[in-house]
Amino acid sequence: MPRHAVQVSAGEIAERFGLSLRGDATRMIDGVGTLGGAGPTQLSFLANPKYRGQLPASRAGLVVVRAGDADAHAGDVLVAADPYVAYARIAALFEPAAAATPGTHPTAVVHPDARVDPRAAVGPLACIGARSRIAAGASIGPGCVIGEDCVVGPGCTLVARVTLVRRVVLGERVLVHPGAVLGADGFGIALDRSGDEPHWIKVPQLGGVRIGDDCEIGANTTIDRGALEDTVLEHDVRLDNQIQIAHNVRIGAHTAMAGCVAVAGSASIGRYCMIGGAAGIAGHLEICDRVVVTAMTLVTHSIREPGEYSSGTPLMDSRSWRRNAVRFKQLDALARRVGTPPKETE
């Protein structure tokens, strides 16, 4: 039995999520699993066609499928237009969020000028700075540090060891995972050449960070505050772990980024974009709405048409890669010989 001991009947699941059930409505489900690993009391799903061959032999007690795949499973099925979305909603039944107890832990440190709603939960060793506000239903986990002039909106969750450095505003229901740092200094420096030895001068970072409703910030992700204006994430932006968002970046609503993406300063990314893992986005450029950037891609100029974009070279054996690398360095000379003029870049 799963650790939360949740049991739900197939009929209850179908009714709750508006799905069509083909099978036994009284079958009890207590967890989820893969098509190959799920047992008779677990639910699974088929979303990717490459796993369709596992469906006939699956032991899962209940499987979420599209209508065209329903007959391929000998057991009970739930029919959904999008099985993955349906699975995501159903799976939450078996991992219920622990309810935070309102109140401030005695080891927490709250500045006298801060305001904490009595219906918020502030955990052990948390620290809340001057003029910051914590709204009703917010949960500040153990070891979190909230600096000066921050706002944590209703229903937000800072899991643990989250740092809001300065002038960070979170909307409603924002989820921030452990180790994330929001509102640190952006990387602003100016080279002073006036003296005998040129040296760097730090540029003050006077802006803040604004995070819209229903955003999620992954573990150890960093979002720098702006130099003059704010760094902005619009509502329902989803960031994976270990992402770097530089100062004055703007990310449109419903955009999602996978792990280790780096976005340089003052880049503007549109709505409903998907950025693959370890992609790099140069500064001071614009990406329009509904752009897909595949993993490891380096974006060096603005993208003004929706679509999928890639760069980099695919995996090959090292000997072939070295030969191709040599040829790549010869492309410019070859193009000049055949009369192809170089294309200007932005």
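Structure's up top.
Student: A description of the nonpolar core should follow, citing residues and the corresponding values.
Tutor: Counting 52 residues, the largest nonpolar core has Val 152, Leu 158, Leu 164, Leu 170, Leu 182 and Met 257 as its most contacted members. Elements with a contribution of two residues or more to this core: strand E19 (168-170), strand E24 (209-211) and strand E37 (291-293). When residues no more than four places from it in sequence are discounted, the contact partners of Leu 158 are Ser 139, Ile 140, Gly 141, Cys 144, Ile 146, Val 152, Leu 164, Leu 170 and Val 176. Membership of the second largest hydrophobic core comes to 17 residues, among which are Ala 10, Leu 43, Leu 62 and Leu 78.

Student: So, the pairing of strand E21 (residues 181-184): which residues are in play, and what are the values?
Tutor: Relative to E21, strand E18 (residues 163-166) runs parallel, the two being bridged by 2 bridges. Residue Leu 164 lies in a different strand from E21, and its bridge partner there is Leu 182. Here 3 bridges tie E21 to strand E26 (residues 222-224), and the two strands are oriented parallel to one another. Looking at E26, one finds that Leu 182 is bridged to Ile 223.

Student: Tell me about the side chain of Ser 132, residues and numbers included.
Tutor: Structurally, the position occupied by Ser 132 is in the loop between strand E12 (127-128) and strand E13 (133-134). Ser 132 gets classed as buried once you look at its relative accessible area, which sits at 0%. Polar contacts involving the side chain of Ser 132 include one to the main-chain amide nitrogen of Cys 150, which spans 2.9 Å. Look past the residues within four positions of Ser 132 in its chain and what remains in contact with it is Ala 114, Arg 115, Ile 146, Gly 147, Glu 148, Asp 149 and Cys 150.

Student: Help me get a handle on the sheet that holds E24, residues and values and all.
Tutor: Pairing is parallel in the open sheet, where 9 strands are placed in the order E10-E13-E16-E19-E24-E27-E30-E33-E36. At either margin of the open sheet sits one strand with a lone partner, and together these are strand E10 (115-116) and strand E36 (286-287). Pairing between E19 and E24: 3 bridges, direction parallel. Bridge assignment links Val 169 to a residue of E24, and that residue is Arg 210.

Student: Let's hear about the pairing of strand E7 (residues 76-79): which residues, and what values?
Tutor: Because side chains alternate across E7, one face comprises the buried residues Asp 76 and Leu 78, and the other comprises Val 77 and Val 79, equally buried. Pairing geometry for strand E2 (residues 20-22) and E7, over 3 bridges, is antiparallel. Looking at the pairing, Leu 21 lines up with Leu 78 of E7. Bridge count for strand E6 (residues 62-65) against E7 is 4 bridges, and the pairing is parallel.

Student: Now, about unusual backbone geometry: what can you tell me, with residues and values included?
Tutor: One non-glycine residue with positive phi stands out, namely Asp 236, at about 60°. With respect to the helices and strands, the residue Asp 236 is situated in the loop between strand E27 (231-233) and strand E28 (238-239). Within the chain, His 254 stands out as a residue other than glycine whose phi angle is a positive 70°. Structurally, the position occupied by His 254 is in the loop between strand E30 (250-251) and strand E31 (256-257).

Student: Tell me what's going on with the sheet that holds E21, and back it up with residues and numbers.
Tutor: The strands making up a sheet associate through hydrogen bonds between their backbones, and the pairing can be parallel or antiparallel. Pairing is parallel across the open sheet formed by 10 strands, whose spatial order is E9-E12-E15-E18-E21-E26-E29-E32-E35-E38. At either margin of the open sheet sits one strand with a lone partner, and together these are strand E9 (109-110) and strand E38 (298-299). In terms of strand pairing, E26 meets strand E29 (residues 244-245) through 2 bridges, oriented parallel. Bridging from a neighbouring strand, Thr 222 pairs with Gln 244 of E29.

Student: Give me the environment of Ser 44: which residues, what numbers.
Tutor: Among the secondary structure elements, Ser 44 is positioned in strand E5 (residues 42-45). Judged by relative accessible area, Ser 44 falls into the buried class, the value being 1%. Spatially, the C-alpha atom of Ser 44 lies 9.8 Å from that of Tyr 84, the residues being 40 residues apart in sequence. Leaving out residues up to four positions away in the same chain, Ser 44 has contacts with Gly 33, Thr 34, Leu 35, Ala 38, Ala 60, Leu 62, Val 63 and Val 64. At 3.1 Å, the side chain of Ser 44 forms a polar contact with the backbone nitrogen of Leu 35.

Cut-off values and rules
- Residues numbered from 1 in each chain as written.
- Predicted model: local features only at pLDDT ≥ 70, side-chain atom pairs only at ≥ 80, totals over all residues.
- Heavy atoms only, no water.
- Core = buried A, V, L, I, M, F, W, Y, C linked by side-chain atoms within 4.5 Å.
- Buried < 20%, exposed > 50% of the residue type's maximum accessible area, 1.4 Å probe, protein only.
- Helix = DSSP H or I, 4+ residues; strand = E, 2+ residues; numbered from the N terminus.
- Contact = heavy atoms within 4.5 Å.
- Pairing = 2+ DSSP bridges.
- Polar contact = N/O pair within 3.5 Å; in protein donor to acceptor, adjacent residues only side chain to side chain.

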